[in-house]
Amino acid sequence: MTQDARPTTHDALIAFDFETTGLYPIKDKIVEIGAVRFNAGDGTVIDTFNSFVNPGIPIPQVVINIHGITDEMVKNAPYEKDAMLSFLDYIGDAPLMAHNVSFDVGFLMAAVSIYKIKPPANLLIDSCELSRMCFKNVENHKLSTLGKSLNIEQSGYHRALADAVVVMKLYNMCLERLENKMTVQDIASRTTSGLKFSDYVFDKIELPDDKIGLKQAIDKGQSVGIKYRNNKGDESQREITPFNIYSFLGKTYVSAYCHHCSEDRQFRLDRIYEVSIK
């Protein structure tokens, strides 16, 4: 881990990135944290933070194929709680920015909930949405695509510090397009619609009586049958093995392995209209 003394000024902005064992907070874990603090006005780098994280679970090969981080690389790294405490100490109250920031914040808040850490309240910026404002003629707004399309110098992708540095450089290019007419607060409001850490709730969720079987299935590691209505109104019957229930932006979700799709899925609780215990 590398870490330097941090300033307390709000002139500083922190670009950060997490590499993880998968896509779902609570079930999956962080394996690497990278961040770069820089001056929000002129883009000058102030310091960096980089740490592997021992997730306490095996890293799936399909994920290793993406970021290249193996069990051997993280075996002597700090566990998630200690790594998160170090990261939270590093960021202080500086505004935070990530590409698709809701993903990274979900993992941060899952760790905060699991380890009973005081949650942060930093301003949040989404560099993906910022890029949509400033660069409308690119193939897509994936970080790797933007880096190549905009000729952003980088040392690689899908590694935490390298991606954080690309996010910083992307922000600086966007700021030039905006002619410095927007403040950090303006950019945060435009790119996240006021997203806050408190929008994520991973604590105990009270279920209605007709869906209590989901909680029982989680406790026992069992499967349940559900009838589900998707966002198009299509109805289907599925067998799922739920492993987590959480709330996000006012909606409650069930994380589960879907036996119909043979993969992990997220199901809106209000779209599950029948639960049958196997």
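Everything below is about the structure shown above.
(A) View of the pairing of strand 2 (residues 30-39). Counting buried residues along strand 2, nine of its ten residues qualify, which places the element largely inside the surrounding structure. Sheet topology note: the strand 1 (residues 12-20)/strand 2 ladder contains nine bridges and is antiparallel. Residue pairing in the sheet places Phe18 in a bridge with Ile33 of strand 2. Note: strand 2 against strand 3 (residues 45-52), seven bridges, orientation antiparallel.

(B) Examining the layout of surface pockets more closely. For the largest pocket, the calculated volume is near 810 Å³. Among the elements of the structure, strand 1, helix 1 (61-67), helix 4 (101-114), helix 6 (143-149) and helix 7 (160-177) are those that each provide at least two residues to the lining of the largest pocket.

(C) Geometry of the state of the cysteines. Counting across every chain of the model gives zero disulfides. Free cysteine Cys134: the closest other cysteine sulfur is in Cys174, separated by 3.8 Å. Given a relative accessible area of 8%, Cys134 falls into the buried group. Cysteine Cys258 is unpaired, with the sulfur of Cys261 as its nearest cysteine sulfur at 3.7 Å.

Conventions we followed
- Residue numbering note: each chain is counted from 1, following its sequence as written.
- Reporting in this predicted model follows two pLDDT cut-offs: at least 70 for local features of residues, and 80 or more for side-chain atom pairs to be given and counted; totals over whole chains, interfaces and linings ignore these cut-offs and use all residues.
- Remark: hydrogens and water are excluded; side-chain values derive from all non-hydrogen atoms of the structure.
- Summary of the burial criterion: residues with accessible area below 20% of their type's maximum are buried, those above 50% are exposed, and those between are partly exposed, where the area comes from a 1.4 Å probe applied to protein chains only.
- Helix numbers and strand numbers start at the N terminus; a helix is a DSSP run of H or I with at least 4 residues, a strand a run of E with at least 2.
- Paired strands are those between which DSSP finds at least two bridges.
- Using only the protein atoms, space was sampled on a 1 Å grid; points where a 1.4 Å probe fits but cannot get out form cavities, open sets with protein on both sides within 12 Å along at least five of seven lines form pockets, and lining residues are those with an atom within 4 Å of a point.
- Grid points are joined across faces, edges and corners, and a volume is the space filled by probe spheres set on the points.
- Note on disulfides: each one is a pair of cysteine sulfur atoms within 2.5 Å.

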